[in-house]
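Notes for the structure review
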Amino acid sequence: MNPDEFRQHAHQLADWMADYFRDVGTMPVTPGVQPGDILRQIASGPPEHGEPFQRVFQQFREIILPGMTHWNHPGWFAYFPANNSPPSVLAEMLTATLGAQCMSWATSPAATELEQAMMEWLRQMVDLPAGFVGAIQDTASTATLVALLSARERATRHDAGLRGLAATGSPLTVYTSTEAHSSVDKGVKLAGYGLERLRKVPVDASYAMRPDELERAVAADLEAGLTPACVVATVGTTSSTAVDPVPAIAGICRRHGVWLHVDAAYAGSAAIVPELRHLFDGVEHSDSFVFNPHKWLLVNFDCSAYFVRDREALVRTFQVTPEYLRTDQDRDVVNFRDWGIQLGRRFRALKLWFVIRSYGVEGLRAMIRRHVELAQEVAGWVDADPDFELMAPVPFGLVCFRYRPDGMSDTQVDDLNRRLLARVNAARRVHLTHTQLGGRYVIRMAIGQRETARQHVEEAWSLIRDAAKAVSS
């Protein structure tokens, strides 16, 4: 494909993308396909000779698009949002065109320095203390693993990285709540702690970690000759957006010299809103903090902002510099390859720059405020209906509820809500998910898509109530 042909096809794709942004709300939010439907339409082997781009694009529209779930549909209420926006997509087009591998300052000076600037912008936006510095990771799961590895190295005075955990003496322990994300479990396995050394701390009635139980678990491990290394607290848990009491947890960590990592993957974006900032009290005392602009700040996947208090602890954990990567500038610059697991790095900072400049901080605040207000309104509708009940507080954009008519056992109610959710999602006009809270089946409605407005949550609530009538009749 020569530059002139590229220009022609790029204009065609740009027109299609603009139409998609305009029309995605008219499409079914989920695809009407069965396992294997897409695979059967794709050739079983690669073509020997190149095909015209027009045919490739045609088959994208005919085969791939009908099998896609539209995460940016205004009726998307499942999981947490995975937003994009026109400025972010345009930035990604430029990133792909440049094709840079941004592992170090020398490989792309502008990419490194823009990332430094964007992390400083984000630090100011979420009101972290000036001592924090950061790097863009791909996901919060990776950032949690980075924190666990850093905590491991600090707890063993870097002997684990040098000689292996088996040579360091007492086993290390990690603590998180029973409501924490499963990425903590995976990170504990990958970082070598072992799942038997992960303590799941009980939660209170609002599904937040209990500091007294954390204190008890830490004391018990110390008494047993173990070494507490890391606590992972959560602001905005996946099931219910519970907020762990970070100030109290931070105090325990300081007393015992334990690394505190705060996972705010979804909710952290809300820290840019002044009236929501109190929900993040205590994060200033953490050792590391992560949130995902690719969830609620209109930056498309992947872009996870990971901050640390002690830059040296991070770099010392990950730095390996073979001769072929050494440059004359290394003493004077940041090489982000030393700030995480990946050696190769994408130019993720460009889309952050485009989005923040295009919307401004106040524009992003306005969107988050709108979503939180809509969630509060839905919570009010649930409270006002005697056949429904809220199952958790609503601090952000997630509403957890269930249908509970009188005279039914919890087992019957669970089954009823399974059928209710299946009926709502079968219409493919909106999409919601479920979880379990306190052993009970709960429906989750996550409001956070860029174009979601009151009319869309009204439609969802109408579908929910209609489904409730249908499954209970």
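Everything numeric in this text was worked out from a predicted model, so none of it was measured.

Criteria and cut-off values
- Residues numbered from 1 in each chain as written.
- Predicted model: local features only at pLDDT ≥ 70, side-chain atom pairs only at ≥ 80, totals over all residues.
- Heavy atoms only, no water.
- Helix = DSSP H or I, 4+ residues; strand = E, 2+ residues; numbered from the N terminus.
- Buried < 20%, exposed > 50% of the residue type's maximum accessible area, 1.4 Å probe, protein only.
- Contact = heavy atoms within 4.5 Å.
- Phe/Tyr/Trp six-rings, centres within 6.5 Å; stacked < 30°, edge-to-face > 60°.
- Lys NZ or Arg CZ within 6 Å of the ring centre and 35° of its normal.
- Core = buried A, V, L, I, M, F, W, Y, C linked by side-chain atoms within 4.5 Å.
- Axes fitted to C-alpha atoms, helices over the stretch in contact; angles between N-to-C directions.
- Parallel < 35°, antiparallel > 145°, perpendicular 65-115°, else oblique.
- Left-handed = near helix turned anticlockwise from the far one by under 90°.
- Pairing = 2+ DSSP bridges.
- Salt bridge = Lys/Arg side-chain N within 4 Å of Asp/Glu carboxyl O.
- Expected span 1.5 Å × (residues − 1).

**Focus: the side chain of T142**
Its place among the elements puts T142 in helix α5 (residues 140-155). On the basis of relative accessible area, T142 is assigned to the buried category, the value being 18%. Those residues in contact with T142 that lie beyond four places of it in its chain are Q137 and I341.

**Description of the packing of aromatic side chains**
Aromatic ring pairs are defined here through the distance separating the ring centres and the angle between the ring planes. Enumeration according to the criterion identifies 20 aromatic pairs in this entry. With a centroid separation of 6.1 Å and an interplanar angle of 35°, the aromatic rings of W76 and Y79 are classed as tilted. In this structure Y79 comes out as partly exposed when scored by relative accessible area, which is 45%. Of the aromatic side chains, those joined through ring pairs into one cluster are W16, Y20, F53, F57 and F60. The lysine or arginine in question, R444, covers the ring of F80, its NZ or CZ lying 5.1 Å from the ring centre.

**Notes on the nonpolar core**
If you look at the biggest cluster of nonpolar residues, it comprises 70 residues, and the most contacted ones within it are L122, F280 and I368. Of all the elements, helix α12 (residues 349-384) adds the most residues to this core, at 9 residues. For I368, the residues in contact, after removing those within four places along its chain, are S269, A270, I272, V273, L276, W296 and L297. Core analysis: the second largest hydrophobic core is formed by 32 residues, V146, L148, L314 and F318 among them.

**So, the packing of helix α8 (residues 211-223) against helix α9 (residues 246-256)**
At their nearest, the axes of α8 and α9 sit 9 Å apart, and the two run at 20° to each other. Judged by the angle between their axes, α8 and α9 are roughly parallel. Handedness of the crossing formed by α8 with α9: right-handed. Counting all contacts with α8, which are made through P211, L214, E215, V218 and L222, the residues of α9 involved are A248, I249, I252, R255 and H256.

**Notes on the pairing of strand β7 (residues 304-308)**
Successive residues of a regular strand alternate their side chains across the two faces of the sheet. Across the 5 residues of β7, 5 count as buried, placing the element largely inside the fold. Judged from the 5 bridges that link them, strand β1 (residues 133-137) and β7 form a sheet pairing that is antiparallel. Across the sheet, residue G134 finds its bridge partner in β7, namely F307. The pairing of strand β6 (residues 288-291) with β7 spans 4 bridges and is antiparallel. Its bridge partner being in β7, V290 is matched across the sheet by Y306.

**Some thoughts on the pattern of salt bridges**
Here the structure, examined in full by the defined rule, presents 33 salt bridges. A salt bridge links E213 to R216; its shortest N-O distance comes to 3.0 Å. In this pair, E213 and R216 both sit in helix α8, 3 residues apart, roughly one turn of the helix. Each of E92, D302, R346, R348 and K351 takes part in a single network of salt bridges with overlapping partners.

**Some thoughts on the sheet that holds β6**
In space, the 7 strands of this open sheet follow the order β1-β7-β6-β5-β4-β2-β3, with mixed pairing throughout. Each end of this open sheet is capped by a strand with a single partner; those strands are β1 and β3 (198-201). Within the sheet, the average angular offset between the axes of one strand and its neighbour, ignoring direction, is 20°. Inspection of the sheet shows strand β5 (residues 259-263) paired to β6 by 3 bridges, in the parallel sense. Within β6, the position partnered with V262 by the bridge is F289. Sheet strands in contact with helix α7 (residues 182-190) are β2 (172-177), β3 and β4 (227-234), and its direction is about 160° off that of β3.

**Focus: α5**
In this model, α5 (16 residues) spans 22 Å end to end at C-alpha, consistent with the 22 Å of a helix rising 1.5 Å per residue. Among the 16 residues that make up α5, 13 are buried, leaving the element largely enclosed by the rest of the structure. Looking one or two residues past α5, R157 carries a phi angle of roughly 50°, positive in sign.

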